[in-house]
Amino acid sequence: MKGERRLGRFTCSEVLLRLASFLDGTLPAGELAEVRVHVGGCDRCARFGGEYAATVAALREPAAGADSDDLADTLLSRLEPR
Amino acid sequence: VPDEEAVDRALLARIAAGDRTAFRALVVAHSAAVGRYLRVFAPDVGDDALQEAFLAAWRHAGQFGDRGSVRGWLMTTGRRAALRLRSREVASEELSSEPGVDALGEAAGWGRASDPAAFARALESRELLHRGLEALSTTDREAIVLVDVLGHEYDEACAVTGLGLGAFKSRLHRARLRLIAALRAHVPEVSHEG
């Protein structure tokens, strides 16, 4: 990106590449610390990371079990005899 | 969650013996989650594929063996059924040349000034989220639905899609960036660096 910079060990691009793992907690401890250093000093990465995380959070839908009984009736009528 | 697995396996054992009550219990336990996944993966044939998955479970309950989670098995079976039912080939979508993560990030607004409040408002619109998901390729949408919408663990998502962990996470990350780019289209830009 324009104005790409290195803060700590990682550049903005290297932070972008690690966003998913940063968010799901699978980043190795050393890299996690370095991403935190970068994001702590880079407004643009902090803002984009926040939007990325907010998007992932907004996607989650609660489980709903609506019409499973009707489906079960339909399927039971279709079962091959045993 | 090993308890749920034990319950599912007990149901399969009874289904293998021809127990229809156990079959109903399996449908009630898993059809909502498996159906939501299949309807996203293949909107045109998702409901038919869902039925095929459970009918296959009835036929093959005795051969489940040690294949991981029962729900994962239903999803994989349903996915195969959807591909069979649909003439369009999904695999061809995966081979097109992939833009790099930087390019996808820039399209998503990475490194550009934006109004966080406006983006947050966009996220509150289920309709915008839905339209953004619709605009993705089948495989990108599938990755987001499996993990972000339905909350499946990576190992289950990998089993269903047939990808290794690294490849799946890469697809998920790219898919999220494409979704953010689609959402960003509805957010006004600010003219100065924030």
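Anything mentioned here points back to the structure above.
Right, let's walk through the structure included here. Small disclaimer: the values here were computed from a predicted structure and weren't measured.

## Focus: the packing of aromatic side chains
All names here are of chain B. Applying the stated rule across the entire model yields 4 aromatic pairs over all chains. When the ring of Y37 is compared with that of F41, the centres are 6.0 Å apart and the planes differ by 20°; the resulting orientation is stacked. Of this pair, Y37 and F41 both sit in helix α2 (residues 20-41), separated by 4 residues, roughly a single helical turn. We note that Y37, like F41, is buried.

## Thoughts on the interface of chain B and chain A
Listed as interface residues are 52 residues of chain B and, on the opposing side, 41 residues of chain A. Counting each side, the surface lost to burial between chain B and chain A is near 4,200 Å², with a carbon and sulfur contribution of 57%. Applying the counting criterion to the chain B and chain A interface returns 6 salt bridges. With a shortest N-O distance of 3.6 Å, B:E52 and A:R78 are connected by a salt bridge. Summed over the shared surface of chain B and chain A, the number is 17 residue pairs in polar contact (both at pLDDT 80 or more).

## Notes on the packing of α2(B) against helix α3 (residues 46-60) of chain B
Residue and element names in this part refer to chain B. Look at α2 against α3: their axes get within 10 Å of each other, and the N-to-C directions meet at 145°. As α2 packs across α3, the resulting crossing turns out to be right-handed. Residues R20, F23, L26, V27, H30, S31, V34, G35, L38 and R39 of α2 form the contact with α3, whose participating residues are G46, D47, A49, L50, F54, A57 and W58. Of the residues assigned to the contact of α2 with α3, the class counts are 10 nonpolar, 4 polar and 3 charged.

## So, the pattern of salt bridges
Oppositely charged side chains are able to pair whenever their charged atoms sit close together. Counting across every chain of the model gives 15 salt bridges over all chains. A:E31 is the salt-bridge partner of A:R18, the closest N and O atoms lying 2.7 Å from each other. Of this pair, A:R18 sits in the loop between α1 (12-17) and α2 (19-24) while A:E31 sits in helix α3 (residues 29-41); the two residues are 13 residues apart in sequence, bridging distant segments of the chain. B:E142 is paired through a salt bridge with B:R79; the nearest N and O atoms lie 2.8 Å apart. Residue B:E142 is found in helix α9 (residues 138-149), and its partner B:R79 is found in helix α4 (residues 70-85); the two are separated by 63 residues along the sequence. Look at B:E142 and you get buried, because its relative accessible area is 0%. The class for B:R79 is buried, based on a relative accessible area of 11%.

## A few points about the nonpolar core
Core analysis: the biggest nonpolar cluster contains 75 residues, and A:F48, B:F23, B:I144 and B:F168 have the highest contact counts within it. At 8 residues, α2(B) tops the list of elements feeding residues into this core. With near-sequence residues (within four places) excluded, A:F48 lies in contact with A:L16, A:L19, B:G105, B:A108, B:G109, B:W110, B:L177, B:I180 and B:R184.

## Focus on the environment of B:G164
One can find B:G164 in the loop between α10 (154-161) and α11 (165-184). Placed 10 residues apart in sequence, B:G164 and B:Y154 show a C-alpha to C-alpha distance of 9.5 Å.

Rules behind the numbers
- Residues numbered from 1 in each chain as written.
- Chains lettered and ligands numbered in written order.
- Predicted model: local features only at pLDDT ≥ 70, side-chain atom pairs only at ≥ 80, totals over all residues.
- Heavy atoms only, no water.
- Phe/Tyr/Trp six-rings, centres within 6.5 Å; stacked < 30°, edge-to-face > 60°.
- Helix = DSSP H or I, 4+ residues; strand = E, 2+ residues; numbered from the N terminus.
- Buried < 20%, exposed > 50% of the residue type's maximum accessible area, 1.4 Å probe, protein only.
- Contact = heavy atoms within 4.5 Å.
- Buried area = accessible area lost by both parts, 1.4 Å probe.
- Salt bridge = Lys/Arg side-chain N within 4 Å of Asp/Glu carboxyl O.
- Polar contact = N/O pair within 3.5 Å; in protein donor to acceptor, adjacent residues only side chain to side chain.
- Axes fitted to C-alpha atoms, helices over the stretch in contact; angles between N-to-C directions.
- Left-handed = near helix turned anticlockwise from the far one by under 90°.
- Nonpolar A, V, L, I, M, F, W, Y, C, P; charged D, E, K, R; others polar.
- Core = buried A, V, L, I, M, F, W, Y, C linked by side-chain atoms within 4.5 Å.

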